[in-house]
Amino acid sequence: MKPAGLSEGPIVPRAEKAIDTGDPKETIDYILKTIEEDLTHRFERVMQKKGYDPDDVAAGREYIEAFIGWVVYSHHLYASVTGDTGKHEEKGAHEHK
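Below or above, wherever it landed, is the structure these notes cover.

## Concerning the packing of helix α2 (residues 25-50) against helix α3 (residues 57-82)
(1) Moving on: One way to put it is that α2 packs onto α3 with a least axis distance of 8 Å and a crossing angle of 150°. Classed by the angle they form, the pair α2 and α3 counts as roughly antiparallel. Where α2 crosses over α3, the two elements pack in a sense that is left-handed. Seen from α2, the contacting residues are Ile35, Asp38, Leu39, Arg42, Phe43, Arg45, Val46, Lys49 and Lys50; seen from α3, they are Glu62, Tyr63, Glu65, Ala66, Phe67, Gly69, Trp70, Tyr73, Ser74 and Leu77.

## Observations concerning the packing of aromatic side chains
The description of an aromatic ring pair uses the distance of the two centres, along with the angle that the planes make with each other.
(1) Moving on: All told, the structure shown has three aromatic pairs when counted by the stated rule.
(2) Moving on: Each ring, one from Tyr63 and one from Phe67, has its centre 6.0 Å from the other, and the planes form 45°; the classification is tilted. On the criterion of helical spacing, the pair formed by Tyr63 and Phe67 is a turn pair, its members being four residues apart in helix α3.
(3) Moving on: Here a set of aromatic residues connected by ring pairs shows up, and it is made of Tyr52, Tyr63 and Phe67.
(4) Moving on: Looking at Arg14, its charged tip hangs above the ring of Tyr30, at a distance of 3.9 Å from the centre.

## Observations concerning α3
(1) Moving on: Here α3 contains 26 residues, and its C-alpha end-to-end distance of 37 Å stays within 8% of the 38 Å for a straight helix at 1.5 Å per residue.
(2) Moving on: For α3, the complete set of buried residues consists of Ala59, Gly60, Tyr63, Ala66, Gly69 and Ala79.
(3) Moving on: Buried residues along α3 sit in contact with α2.
(4) Moving on: Here α3 starts with a cap whose side-chain oxygen sits 3.3 Å from the backbone nitrogen of Ala58, and that cap is Asp56.

## Remarks on the environment of Asp38
(1) Moving on: Here Asp38 is to be found in helix α2.
(2) Moving on: Residue Asp38 is classed as partly exposed on the basis of its relative accessible area, which comes to 22%.
(3) Moving on: Through-space distance from the C-alpha of Asp38 to that of Tyr73 is 10.0 Å; in sequence the pair is 35 residues apart.

## Brief notes about the packing of helix α1 (residues 11-21) against α2
(1) Moving on: Put simply, α1 and α2 touch, their axes get as near as 8 Å, and they point 150° apart. The angle between α1 and α2 places the two elements in the roughly antiparallel class. Residues Ile11, Arg14, Ala15, Lys17 and Ala18 of α1 form the contact with α2, whose participating residues are Glu26, Thr27, Tyr30 and Ile31.
(2) Moving on: Across the contact of α1 with α2, the residue classes tally to five nonpolar, one polar and three charged.

Calculation rules
Residues numbered from 1 in each chain as written. Predicted model: local features only at pLDDT ≥ 70, side-chain atom pairs only at ≥ 80, totals over all residues. Heavy atoms only, no water. Axes fitted to C-alpha atoms, helices over the stretch in contact; angles between N-to-C directions. Helix = DSSP H or I, 4+ residues; strand = E, 2+ residues; numbered from the N terminus. Parallel < 35°, antiparallel > 145°, perpendicular 65-115°, else oblique. Left-handed = near helix turned anticlockwise from the far one by under 90°. Contact = heavy atoms within 4.5 Å. Phe/Tyr/Trp six-rings, centres within 6.5 Å; stacked < 30°, edge-to-face > 60°. Lys NZ or Arg CZ within 6 Å of the ring centre and 35° of its normal. Expected span 1.5 Å × (residues − 1). Buried < 20%, exposed > 50% of the residue type's maximum accessible area, 1.4 Å probe, protein only. Polar contact = N/O pair within 3.5 Å; in protein donor to acceptor, adjacent residues only side chain to side chain. Nonpolar A, V, L, I, M, F, W, Y, C, P; charged D, E, K, R; others polar.

Encoded structure:
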């Protein structure tokens, strides 16, 4: 089954192949590489913007944008994978380290 009106992108063929072969490694490796490259890019952008001149408002905004792009994206990615939204109502909720 393919999403109606949407491009299947690079993952759907890999995921289907994994089902056919019984080996998910290519799909997993592709996804992990894509995530690693994206997170690395976002982190490098934060580090480039980090040493901004405090008197430069535009540079400060660029840093905040990069900072949010790194921290919030990392959080959302983690929450998407684990289902952990960070809203722990129960005491003793476990944490991955």
